[in-house]
Amino acid sequence: MTPRQILFLVLAAACLLPGVAAPVALGVGVVVALLGLAAFEKPAKQFSRLIIQCAIVLLGFSIDLHQVVQAGTSGLAFAAGTIVLTFGLGWLLGRALGTDPKVSTLLCAGTAICGGSAIAATGAVIRASDAQMSVALAAVFVLNAIALYLFPPIGHALELSQAQFGAWAAVAIHDMSSVVAAGKVYGDEALQQATVIKLARVLWIVPVSLLAGWILARQAADPATPATPAGAAAPPPRTLLARVGTIIPWFIALFVLASVIRTYAGVPAGLADGLKAAAKQGMVLALFLIGSGLSRRALTQVGWRPFAQAAVLWLVVSVVALLVIRRVV
């Protein structure tokens with residue numbers, strides 16, 4: 001085994017330590033790639049996707065559907081409205097800036113739902129490349145970190161109530177952990193409000209991923225798709241199960257099943273916490289592997305536009321959400 005491979009494995013193992021944060025792991029992976037220190041490129045790419053999918057399933061055991069229902073109809077409507085607004089504005093910005101459609105979709109999912117988890121789930125369904133996912137994750141994580149430190153002081157300066165700040169944090173801060181952290185800093189009521197609303201948004205991973213899978217299936221079945229070359233064997237007809245598997249990825253189906261089990265069968269608190277922690281650290285390792293698959297050439301091909309799109313989208317959504325929340329919450 002070469003020194004480069006040993007270093008790569010050590011860094012990957014370090015990502016499993018509880019104190020290592022996702023943005024740090026992604027950043028280290030990118031640095032490793034840009035310095036030419038990445039190893040096991042093909043297995044790392046395959047393993048990262050499997051880890052992400054398994055982590056998403058484990059996250060389902062931490063979501064109690066009753067908590068979302070208790071948020072009330074107005075809370076669910078608010079979540080749905082802001083998600084639709086985010087995707088609509090995001091796609092318009094993407095077209096105006098000429099952002100790669102897959103990267104634009106990932107940025108919309110990360111901003112509208114729950115940061116890295118939504119990007120990972122959507123990226124797995126639409127078959128985004130490592131470069132596309134890395135850039136989308138980097139843009140969202142940078143803005144997420146900025147929001148975590150800026151939002152509580154802004155909330156106090158604007159004299160937001162606990163409920164108002166919790167709702168604002170849940171909508172405008174990307175990642176669930178940062179939403180919880182910001183809410184905890186602001187107060188107990190803000191923490192509860194932020195958690196419930198964000199949980200409602202996390203569940204949108206399912207319909208968004210299903211929609212992405214449906215669009216992908218429609219594109220694959222498009223009559224404009226080139227026909228099978230002469231002399232080549234035609235692909236076997238897909239069974240109903242294969243069609244369903246294309247539209248409903250296995251990890252999304254198990255994610256829903258895990259949430260149902262948590263809600264109606266119950267999961268011991270210790271086990272639920274352990275599964276959530278495992279999912280979190282698994283995602284950290286996956287982000288390191290994804291970052292290590294990034295190259296200077298790939299980064300150049302993606303360009304600066306995703307960062308501009310993510311920043312503008314985040315600022316507009318944050319301001320609009322704040323104005324609406326101050327009037328109705």
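About the criteria used
Residues numbered from 1 in each chain as written. Predicted model: local features only at pLDDT ≥ 70, side-chain atom pairs only at ≥ 80, totals over all residues. Heavy atoms only, no water. Helix = DSSP H or I, 4+ residues; strand = E, 2+ residues; numbered from the N terminus. Buried < 20%, exposed > 50% of the residue type's maximum accessible area, 1.4 Å probe, protein only. Contact = heavy atoms within 4.5 Å. Areas by Shrake-Rupley, 256 points an atom, 1.4 Å probe, with all protein chains shown as cover. 1 Å grid on protein atoms, 1.4 Å probe; cavity = no way out; pocket = protein on both sides within 12 Å on 5 of 7 lines; lining within 4 Å. Points joined across faces, edges and corners; volume = space filled by probe spheres on them. Core = buried A, V, L, I, M, F, W, Y, C linked by side-chain atoms within 4.5 Å. Phe/Tyr/Trp six-rings, centres within 6.5 Å; stacked < 30°, edge-to-face > 60°. Polar contact = N/O pair within 3.5 Å; in protein donor to acceptor, adjacent residues only side chain to side chain. Axes fitted to C-alpha atoms, helices over the stretch in contact; angles between N-to-C directions. Parallel < 35°, antiparallel > 145°, perpendicular 65-115°, else oblique. Left-handed = near helix turned anticlockwise from the far one by under 90°.

Novice: Account for the overall build of the protein, naming residues and giving values.
Specialist: Summing up its helical and strand segments, the protein has 17 helices and 0 strands in all. For the protein, buried positions account for 46% of its 329 residues. Expressed as a percentage of contacts within the protein between residues at least 6 apart in sequence, the contacts between residues at least 24 apart total 83%. A total accessible area of about 16,000 Å² is found for the protein, and carbon and sulfur atoms account for 69% of it.

Novice: Provide a residue-level description of the layout of surface pockets, including the pertinent values.
Specialist: If you add up the space inside the largest pocket, you get close to 1,000 Å³. Counting residues per element, the ones that place at least two in the lining of the largest pocket are helix H2 (22-34), helix H3 (41-59), helix H7 (116-126), helix H8 (130-157), helix H10 (176-186), helix H11 (188-202), helix H14 (250-265) and helix H15 (269-292). The leading source of residues in the lining of the largest pocket is H15, at 9 residues.

Novice: Tell me what's going on with the nonpolar core, and back it up with residues and numbers.
Specialist: Of all hydrophobic cores here, the largest spans 86 residues; its most connected members are Phe8, Ile52, Phe151, Phe165, Trp168, Leu287 and Phe288. Per-element accounting of this core gives the leading share, 10 residues, to H8. Here Trp168 is in contact with Phe151, Ile154, Gly155, Leu160, Ile173, Ser318, Ala321, Leu322 and Ile325, once residues within four sequence places are set aside. Counting residues in hydrophobic clusters, the runner-up holds 5 residues, among them Phe61, Val267, Ala272 and Leu275.

Novice: Residues and numbers for the packing of aromatic side chains, please.
Specialist: Any aromatic ring pair is given by two values, namely how distant the centres are and how the planes are angled relative to each other. Following the criterion strictly, the structure yields 7 aromatic pairs and no others. With 4.0 Å between their ring centres and 10° between their planes, Phe165 and Tyr186 make a pair best called stacked. Residue Phe165 is located in helix H9 (residues 162-172), and its partner Tyr186 is located in helix H10; the two are separated by 21 residues in the primary sequence. Each of the two residues, Phe165 as well as Tyr186, counts as buried. Taken together, the aromatic side chains of Phe151, Phe165, Trp168, Tyr186 and Trp314 make up a single cluster linked through ring pairs.

Novice: An account of the side chain of Ser318 is needed here, citing residue identities and associated values.
Specialist: Its location among the elements puts Ser318 in helix H17 (residues 305-328). Since its relative accessible area comes to 7%, Ser318 is described here as buried. Polar contacts involving the side chain of Ser318 include one to the main-chain carbonyl oxygen of Trp314, which spans 2.7 Å. In contact with Ser318, other than residues within four places in its own chain, are Phe151, Trp168 and Ala172.

Novice: Give me H9: which residues, what numbers.
Specialist: For H9, the buried fraction is high: 10 of the 11 residues fall into the buried class. When H9 is considered as a whole, its buried residues turn out to be Ala163, Gln164, Phe165, Gly166, Ala167, Trp168, Ala169, Ala170, Val171 and Ala172.

Novice: Please give an account of unusual backbone geometry that cites residues and values.
Specialist: The backbone of Phe40 sits at a positive phi, close to 50°, despite the residue not being glycine. Within the element layout of this structure, Phe40 appears in the loop between H2 and H3. Taking the relative accessible area as the measure of exposure, Phe40 reaches 30% and is therefore partly exposed. Notably, Glu159 is not glycine yet its phi reads approximately 55°, a positive angle. Along the chain, Glu159 falls in the loop between H8 and H9.

Novice: Hey, could you go over the packing of H9 against H17 for me, with residue numbers and the actual values?
Specialist: Packing of H9 against H17 leaves a shortest axis separation of 9 Å and a crossing angle of 155°. The angle between H9 and H17 falls in the class roughly antiparallel. By crossing handedness, the relation of H9 to H17 is classed as right-handed. Of H17, the residues touching H9 (which contributes Gln164, Ala167, Trp168, Val171 and Ala172) are Trp314, Val317, Ser318, Ala321, Leu322, Ile325 and Arg326.

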